[in-house]
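Structure assessment
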Amino acid sequence: MKAHMFTVRIWDLPTRLFHWALAACVVGLVITGNVGGNAMTWHFRLGYTLLALLLFRMAWGFCGGHWSRWAQLPLQPARVWAYLQGQDDPQHRAGHNPLGSWSVLAMLFFFCLQVATGLVSDDEIANVGPLSSWVSGAVVSWATSWHKGWGKLILIMLVTIHLLALAWYRWQKQTSLVPAMWHGNKVLPKSTRASRDNLVSRALALLLLTLAALAVATLVSLGN
């Protein structure tokens, strides 16, 4: 007898839009950063956009859909250890698994650090972060070095690991994680709580994103 499966809304629309907008920003930032010259104008714009997205996601982690909330990330060492030993918690099939949860936090942390260092960087040629005058020359020098060196390399490494993990799930576990980030639903063997994804929650997300964008615009204007 074929087991009954349940279709559950896991990723709400704001979370999905954040994910793909973040990916687009990262691709654009890598390209414009490597091209340099006039492309740096767009590098700065994409950096500000990325910062607004990160601020939105931090807030959305407290009031977004059930599976998008920070409280649902299984970060406890015991759960990570159990996952490494092959003990598959059914909840991992719905949201993030323990390793995926730590990967999410690592990427968000280093994205924030990369944006922060970009705001106070100065290549001593033509590109100066809007807040570079707020900090000492030593901080500007360190931030510039990190932003162009280790910061970029670490983020490329984390993104590569993320993509390899998606490929491993697809080919080794016969589970594709990408479609759910397009349409929001997962087909699960056990019914579980769905994420709220209605007009009210989407309006709240739009408000939070607007406030995040205004905060970034205000921050940048203070340095100019």
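What this report covers is the structure whose coordinates are included nearby. (Residues numbered from 1 in each chain as written. Predicted model: local features only at pLDDT ≥ 70, side-chain atom pairs only at ≥ 80, totals over all residues. Heavy atoms only, no water.)

This part takes up the environment of Gln 114. With respect to the helices and strands, Gln 114 occurs in helix 4 (residues 98-119). Sequence-wise, Gln 114 and Thr 144 are 30 residues apart; in three dimensions their C-alpha atoms are separated by 9.9 Å. (Helix = DSSP H or I, 4+ residues; strand = E, 2+ residues; numbered from the N terminus.)

Now for the pattern of salt bridges. In the structure shown here, the tally under the stated rule is three salt bridges. Arg 202 is the salt-bridge partner of Asp 197, the closest N and O atoms lying 3.0 Å from each other. Through salt bridges with shared partners, a single network forms among Arg 9, Arg 16, Asp 197 and Arg 202. (Salt bridge = Lys/Arg side-chain N within 4 Å of Asp/Glu carboxyl O.)

A few words on the nonpolar core. Among the nonpolar cores identified, the biggest contains 33 residues, and Phe 18, Leu 50, Leu 54, Phe 56, Leu 108, Phe 111 and Val 115 are the most heavily contacted of them. Of all the secondary structure elements, the ones that give two or more residues to this core are helix 1 (13-35), helix 2 (40-63), helix 4, helix 5 (137-148), helix 6 (150-172) and helix 8 (199-223). In terms of residue count, helix 2 provides more of this core than any other element does, eight residues in total. Every residue in contact with Leu 54, bar those within four places of it in the chain, is listed here: Phe 18, Leu 108, Phe 111, Cys 112 and Val 115. (Core = buried A, V, L, I, M, F, W, Y, C linked by side-chain atoms within 4.5 Å. Buried < 20%, exposed > 50% of the residue type's maximum accessible area, 1.4 Å probe, protein only. Contact = heavy atoms within 4.5 Å.)

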